[in-house]
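Coordinate analysis (summary)
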Amino acid sequence: MKTRTQFFTTPIYYVNAKPHLGHAYTTIAADVATRFKQMDGYDTYFLTGTDEHGDKIVQAARKNNQSPGEYVDKISRLFQDLWPRLNINNDQFIRTTDPEHIQVVQNLLTRIHDRGDIYFSSYEGQYCFGCERFYQDRELKEGKCPDHGVAPSPIKESNYFFKMSKYQNWLIDHIKTNPGFIHPRQYETEILSFLKEPLEDLCISRPKSRLTWGITLPFDENYVTYVWFDALTNYISALGYPDGELFQKFWSSARHFVAKDIIKPHGIYWPIMLKAAGIDIYDGLNVHGFWNVSGSKMSKTVGNVTDPVAVTNQYGVDAFRYFLMREMVFGLDANFTEDVLVSRINSDLANDLGNLFSRVLSMNFQYFKGCVPDMDQNLHSDLCLEKDAQNAINHFHAAMAAYEFSKGVEAVWQFISRMNKYIDVNEPWNLAKEASGRPRLAAVIGNLLEGLRTVACLIYPVMPGTSHKMLTALGQTIPETGFVHLDRMTWGLVQPGTCLEKPDILFPRIDVAKKPAPAAPVFKPALKPRITIDDFARIDLRTGIIRAADKIEKSDKLLRLQVDLGSETRQVVAGIGKHYTPEELVGKQVIVVANLKEATIMGETSQGMILAAGRKKELILAGFDKETLPGCPVK
Ligand code: MSP
């Protein structure tokens, strides 16, 4: 029989910031899917990595006073070190600065260029530096980039373009004739509705005068390639395209895991790039929603960027993996809060699963001295849990095969809850009182041990560590592969006569009352002497909107801002250049000290000051939580 193959990928993450909860989720989801497919008999390959070229990375390196090369090495290492800590079992970690990758990108560009689908032309458009791409007017939200909330800058330059428009009808047809190509359904609808409008050709180069940190075009050394063309190609360069064995074996089964933020490059550019190069189209795209933290989008400014290392150090890797898989319905957004995490740990893990496990093993110890009792299945068929276990396996299989991880986990927990009720109904403690109750008691404990074995096998993809702990406690040998194949999950494998130890606690309950409040970092600058309300009233604070911003030459700290105060525009020199790029400031609402005497700073007039909070290392601009008009007095 031909072995079925499955290739899973995560996005390759930008190295402009440390890994956070969102990156952890996608990578854990792909890891869970890989482990599940292995249990289901597939030969799998799992790829993740880092995306290391482009403007954003250069800017981040500059902020850190490092060369791009040094900087990408440092951040990429953080990702590489994180995955084993989260029990991620990737087969490969690719970096877009790897020489083999660079070669494949150039090879692909040459192929598409030779086939006539790349042309040179001049272009004038609205460019968002944050997204590293041009925007069409209809894509902007009130004239601003929908992701960064800033007005894009007008840019004119000659560039290379990829004829995406030529393949628009082909793509629509491909999506419609391959149900599940974009999963779940709502994202397929989103892409198809986007494809109702004419597709613009894609600008795929950046002149080296603007960006050097990228891969040189094979047909024009004055240009580097656009980051997405570089990044998407990782999925085939990692497999050794075109001749690599891995490519031959796995490419046709490729499924990419991404979040909804990057469906356009994956659902539109990537299939068209493959088609234009004459390469088979990947098998599918699995798109999930976004994690918010405590109800808000994760952001440095809000201060809610969740560090997976901190969470797992406090609560454990398996609890974290369980929570993420259980709490997010694949495709929809979800909310992360420590309270919900703790309550899931206490109710689902410590109570439902942990208690069941320790109750059953303790009863086995108490009533049978730890040695698994022999039970007569036929005599006590009313006590048999085999059908319930099979039911759980079937539901689990169907859900996991459809990438519905939360449903898969729920199927196992329904079985756990069935077993907890089974104990309450059959009251083993009463059966143990009379000698005549012993055969039924043996059947009850035997069935429960067997049921726990099924649970231990099924939780493997989500909680591999706990799965192994449980199997070992149940006297099972862990297969060399680390998992039990789904089709070998027959009933009756806990051997009568095997002696089992008293169990360790699987998940200790977290005492909510004792949970220490997270320590706030201590920062105590001395307070200034008090002033009167009249003193304060002399300061004219106004709302302003930054309309333009640029760097002051010879200073890495100072920026020249044009601030709209409603009645007039002021030039303000601000020392925030290490904390904000000019591009991200345009459009921001700020508080201006409007009656400060004019000053000259490094030869530049400064007609006011904007307010910011924090220490030297981390300045955050003071702003508003709703939109205001420029020029309003701030009281
Ligand atoms: N480098 C590109 C991807 C290139 S793939 C050929 C990129 N990198 S990224 O670092 O911004 O990663 C984006 C991905 O990180 C999302 O698609 C998702 O997988 C994950 N997440 C980032 N924030 C997230 C949430 N708040 N919630 C869930 N996942 C999120 O885009």
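Residues numbered from 1 in each chain as written. Predicted model: local features only at pLDDT ≥ 70, side-chain atom pairs only at ≥ 80, totals over all residues. Heavy atoms only, no water.

1. Digging into the site of the ligand
Operational definition: Any residue with a heavy atom lying within 4 Å of a molecule or strand is counted as near it. By the criterion applied in these results, polar contacts are pairs of N or O atoms within 3.5 Å in which, for protein atoms, one can donate a hydrogen and the other can accept it, and in which residues neighboring in sequence qualify only through two side-chain atoms. Shrake-Rupley sampling with a 1.4 Å probe provides the accessible areas, and residues are treated as covered by the protein chains on show and by no other component. Helix and strand labels come from DSSP, where a helix needs a run of H or I of at least four residues and a strand needs a run of E of at least two; each type is numbered from the N terminus. Amino acids are sorted into nonpolar (Ala, Val, Leu, Ile, Met, Phe, Trp, Tyr, Cys and Pro), charged (Asp, Glu, Lys and Arg) and polar (every other residue, Gly among them).
Lining the immediate environment of the ligand, one finds 23 residues, of which Ile-12, Thr-26, Asp-51, Asp-261 and Trp-291 sit closest. Between the ligand and Asp-51 there is a distance of 2.7 Å, counted from a nitrogen atom to a side-chain nitrogen or oxygen. Ala-259 places a polar main-chain atom, nitrogen or oxygen, 3.0 Å from an oxygen atom of the ligand. Calculation on the ligand without its partners gives an accessible area of 680 Å², and the protein chains cover 93% of this total. Contributing elements (two or more residues each) for the shell around the ligand: strand S1 (5-14), helix H1 (21-39), helix H7 (227-232) and helix H8 (234-237). By residue number, the principal contributor to the shell around the ligand is S1, which donates four residues. Across the shell around the ligand, the residue classes break down as 13 nonpolar, eight polar and two charged.

2. Describing helix H4 (residues 99-114)
Rules: By this rule the span expected of a helix is its residue count minus one, scaled by 1.5 Å. For every residue, the accessible area (1.4 Å probe, protein chains only) is compared with the maximum for its type, and the residue is labelled buried under 20%, exposed over 50%, or partly exposed between those bounds. By arc we mean the arc of the directions from the helix axis to the C-beta atoms, nothing more.
The terminal C-alpha atoms of H4 lie 22 Å apart, and with 16 residues this matches the ideal 22 Å at 1.5 Å per residue to within 8%. Of all the positions in H4, only His-101, Val-104, Val-105, Leu-108, Leu-109 and Ile-112 are classed as buried. The arc that holds every buried residue of H4, seen down its axis, measures 135°, which confines them to one face. Facing away from the buried side of H4 by more than 90 degrees, the exposed set consists of Pro-99, Glu-100, Gln-103 and Asp-114. Positive backbone phi, approximately 90°, marks Gly-116, located one or two places after H4.

3. Observations concerning the sheet that holds strand S17 (residues 541-551)
Our working definition: Here, strands pair whenever DSSP counts at least two bridges between them.
Reading across the sheet, the five strands line up as S19-S18-S17-S20-S23 and stay open at both edges, with antiparallel pairing between neighbours. One side of each edge strand has no neighbouring strand; the edge strands of this open sheet are strand S19 (569-574) and strand S23 (609-610). As paired strands, S17 and strand S18 (residues 559-564) are joined by six bridges and run antiparallel to one another. The partner of Ile-546 across the bridge, within S18, is Val-563.

4. Considerations on the domain arrangement of the protein chain
How big an interface is tends to be stated in terms of the accessible area lost upon association of its parts. Filter applied, for reference: For the domains described, the bounds stem from an automatic or database domain assignment.
As far as domains go, the protein chain holds domain 1 (5-288), domain 2 (317-323 + 333-488) and domain 3 (533-621). A C-alpha centroid distance of 61 Å is found between domain 2 and domain 3.

5. Things to note about the sheet that holds strand S4 (residues 118-128)
Note the cut-off: In this analysis, two residues are considered to be in contact whenever any of their non-hydrogen atoms come within 4.5 Å of each other. As a rule, the C-alpha atoms of each element are fitted with a line to give its axis, helices using only the stretch in contact, and angles between N-to-C directions run from 0 to 180 degrees.
If you trace the four strands from one edge of the open sheet to the other, you get S5-S4-S6-S8, paired in antiparallel fashion. Each edge of the sheet is formed by a strand with only one pairing partner; in this case those strands are strand S5 (133-135) and strand S8 (202-203). With three bridges joining them, S4 and S5 adopt antiparallel strand pairing. Pairing of Cys-128 across the sheet is with Arg-133, part of S5. Across the sheet, helix H10 (residues 263-277) lies against S5, strand S6 (153-162) and S8, angled at about 35° from S6, the strand it touches most.

6. Describing the packing of helix H11 (residues 308-315) against helix H12 (residues 317-327)
At a minimum axis distance of 7 Å, the contact between H11 and H12 shows a crossing angle of 115°. Contacts from Pro-308, Val-311, Thr-312 and Tyr-315 in H11 reach Val-317, Ala-319 and Phe-320 in H12. Class assignment of the residues belonging to the contact of H11 with H12 gives a composition of six nonpolar, one polar and no charged.

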